[in-house]
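Residue strings, one per chain:
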Amino acid sequence: MMPYTFLLVCGVLSALAYTLMQLLFKHGRAYRGNPLALTAWLGLLAPVWGGLLWLGLHQKLLVLVASPAYFGWAALWAAMATVTMALIISLIQRLSLTELTAYRKAFAAGIAMLADVLWLHIAFEPLTLAAIALILLASVWLSTAPAGRGRQVGPKDLAVSLLLVFMLAAGLTGQLYVYQQALLLQPDVLSHVVFVKMLMAVFSLGFWLLPSVRKHGQPAGWPLMLAIIGCYVVASFTEGYALQGLPVTLVVVTSFVAAACFTSHDLVTRDLPATRRTLVALLAVFGGFALLALGG
């Protein structure tokens, strides 16, 4: 088993990489088009992942243990990941990044905590529970700050968005457990990551069958696309290590660092006002991460 601190760092790095990926996507204005287009373009990475897998296996750098159970779990994860990727991109169009992250993580943390405690019978240390509560409450507090200038959300629109975010959180949480089940059947994390990402890319290619995706064209310029892909690759590998040794609840909670990053982005774009409340909530999030590190 790898050290607890290393696993936490992997979880945070994965969250930061996914955060930067979404920031690049939104900042580059690629999100204004069809939300399925970027997912379809990520599918074009299938030959790259496949080439890495073939080369790694051929050179004995990767070790893939084949079994029907493993292929079944891996394929289920790839299908779920493809759908949730498209849903995340769609929700970026509806909500500020702070709202999307805080609401989604709040729902996901609650679902994961119930699953870890009631299903997997995982006992959390009191300091860890305190850290989880502090991070969760501070992140939700950030999300409920008054809207910035030029941004008004009606109750009906907010209710629809929250329903979609809850569905996304439930799907992402279940997806993490499926990922862990597949990982338990594979001794090498790197081999597992390359294989499942190849499967996800293959599934994403299916979106090219949609006329709206084919008409949309490239969702961003090549520099932006390459930056997004780079973040995606880094996040994929660090996420694999984190999920290998941490309960899903902690993996979800470490990803709350994205809420702090998105808040900084929304302060700059004035989706959120710069207030004392926002500053206190940000400090509380980082204080919670300090407690989480001590809890190991």
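These lines cover the structure that appears in this document, whether it is placed above or below. (Residues numbered from 1 in each chain as written. Predicted model: local features only at pLDDT ≥ 70, side-chain atom pairs only at ≥ 80, totals over all residues. Heavy atoms only, no water.)

Considerations on the overall build of the protein chain
Phase 1 of the analysis: The helix and strand tally for the protein chain stands at 13 helices and zero strands.
Phase 2 of the analysis: Starting at the N terminus and ending at the C terminus, the protein chain contains elements arranged as α-α-α-α-α-α-α-α-α-α-α-α-α.
Phase 3 of the analysis: Going through the 296 residues of the protein chain one by one, you find that 52% of them count as buried.
Phase 4 of the analysis: For the protein chain, long-range pairs separated by at least 24 residues make up 90% of all intrachain contacts whose partners lie at least 6 apart in sequence. (Helix = DSSP H or I, 4+ residues; strand = E, 2+ residues; numbered from the N terminus. Buried < 20%, exposed > 50% of the residue type's maximum accessible area, 1.4 Å probe, protein only. Contact = heavy atoms within 4.5 Å.)

Observations concerning the side chain of T238
Phase 1 of the analysis: Secondary-structure assignment places T238 in helix 10 (residues 222-245).
Phase 2 of the analysis: A polar contact of 3.4 Å, which involves the side chain of T238, links it to the backbone nitrogen of S14.
Phase 3 of the analysis: There is a polar contact of 2.9 Å between the side chain of T238 and the backbone oxygen of V234.
Phase 4 of the analysis: Among residues more than four places away in sequence, those in contact with T238 are C10, L13 and S14. (Polar contact = N/O pair within 3.5 Å; in protein donor to acceptor, adjacent residues only side chain to side chain.)

Some details on helix 3 (residues 46-58)
Phase 1 of the analysis: The end-to-end C-alpha separation of helix 3 is 18 Å, in line with the 18 Å expected for 13 residues at 1.5 Å each.
Phase 2 of the analysis: Residues of helix 3 that are buried: A46, W49, G50, L53 and G56. Seen along its axis, helix 3 keeps its buried residues to an arc of 135°; they face one direction. In this structure, helix 3 carries P47 and W54 as exposed residues pointing more than 90 degrees from its buried face.
Phase 3 of the analysis: The inward-facing, buried residues of helix 3 contact helix 8 (189-204) and helix 10.
Phase 4 of the analysis: With its phi angle positive at about 65°, K60 sits one or two positions after the end of helix 3. (Expected span 1.5 Å × (residues − 1). Arc of directions from axis to C-beta.)

Let's talk about the nonpolar core
In summary, soluble globular proteins display a tendency toward joint burial of nonpolar side chains.
Phase 1 of the analysis: M21, W77, F195 and Y232 are the most contacted members of the largest nonpolar core, which totals 73 residues.
Phase 2 of the analysis: The dominant element in this core, judged by the number of residues it contributes, is helix 10, at ten residues.
Phase 3 of the analysis: Among all residues touching Y232, those that are not within four sequence positions of it are Y18, M21, L45, W49, M85, K197 and M200. (Core = buried A, V, L, I, M, F, W, Y, C linked by side-chain atoms within 4.5 Å.)

Describing the environment of L292
Phase 1 of the analysis: Locating L292 in the fold gives a position in helix 13 (residues 276-295).
Phase 2 of the analysis: Along the backbone, L292 and E125 are 167 residues apart, and their C-alpha atoms lie at a distance of 10.0 Å.
Phase 3 of the analysis: Apart from residues lying up to four places away in sequence, L292 is in contact with Y4, L8, T128, A131, L250, V253 and T254.

Structural notes on the packing of aromatic side chains
Phase 1 of the analysis: A full pass over the atoms with the stated rule returns seven aromatic pairs.
Phase 2 of the analysis: With 5.5 Å between their ring centres and 50° between their planes, F71 and F195 make a pair best called tilted. Of the two residues, F71 is situated in helix 4 (residues 68-92) and F195 in helix 8; the sequence distance between them amounts to 124 residues.
Phase 3 of the analysis: A relative accessible area of 36% places F71 in the partly exposed class.
Phase 4 of the analysis: Residue F195 is classed as buried on the basis of its relative accessible area of 9%.
Phase 5 of the analysis: Here the aromatic cluster, defined as three or more aromatic residues joined through ring pairs, consists of Y70, F71 and F195. (Phe/Tyr/Trp six-rings, centres within 6.5 Å; stacked < 30°, edge-to-face > 60°.)

Section: the packing of helix 3 against helix 8
Two measures define how a pair of helices packs: the angle their axes make with one another and the distance between the axes.
Phase 1 of the analysis: Contact geometry of helix 3 with helix 8 gives a least axis separation of 8 Å together with a crossing angle of 155°. Of the possible angle classes, the one that applies to helix 3 and helix 8 is roughly antiparallel. For the crossing formed where helix 3 meets helix 8, the hand is left-handed. The segment helix 3 lies against helix 8, with A46, W49, G50, L52 and L53 engaging V194, F195, K197, M198, A201 and V202. (Axes fitted to C-alpha atoms, helices over the stretch in contact; angles between N-to-C directions. Parallel < 35°, antiparallel > 145°, perpendicular 65-115°, else oblique. Left-handed = near helix turned anticlockwise from the far one by under 90°.)

Notes on the side chain of Q180
Phase 1 of the analysis: Residue position: Q180 is located in helix 7 (residues 155-184).
Phase 2 of the analysis: Within the structure, Q180 has its side chain in polar contact with the backbone oxygen of L246 (distance 2.9 Å).
Phase 3 of the analysis: With residues up to four places along the chain from it excluded, the contact list for Q180 reads L243, L246 and V248.

Some remarks on the packing of helix 8 against helix 10
Phase 1 of the analysis: At their nearest, the axes of helix 8 and helix 10 sit 10 Å apart, and the two run at 125° to each other. On the basis of their axis angle, the class for helix 8 and helix 10 is oblique. Viewed along their axes, helix 8 and helix 10 form a crossing whose handedness is right-handed. Residues V189, L190, V193, V194, K197 and M200 of helix 8 form the contact with helix 10, whose participating residues are Y232, S236, F237, E239, G240, Y241 and Q244.
Phase 2 of the analysis: Classifying every residue of the contact of helix 8 with helix 10 gives eight nonpolar, three polar and two charged. (Nonpolar A, V, L, I, M, F, W, Y, C, P; charged D, E, K, R; others polar.)

So far we have only geometry, and geometry alone does not tell us how the molecule works.
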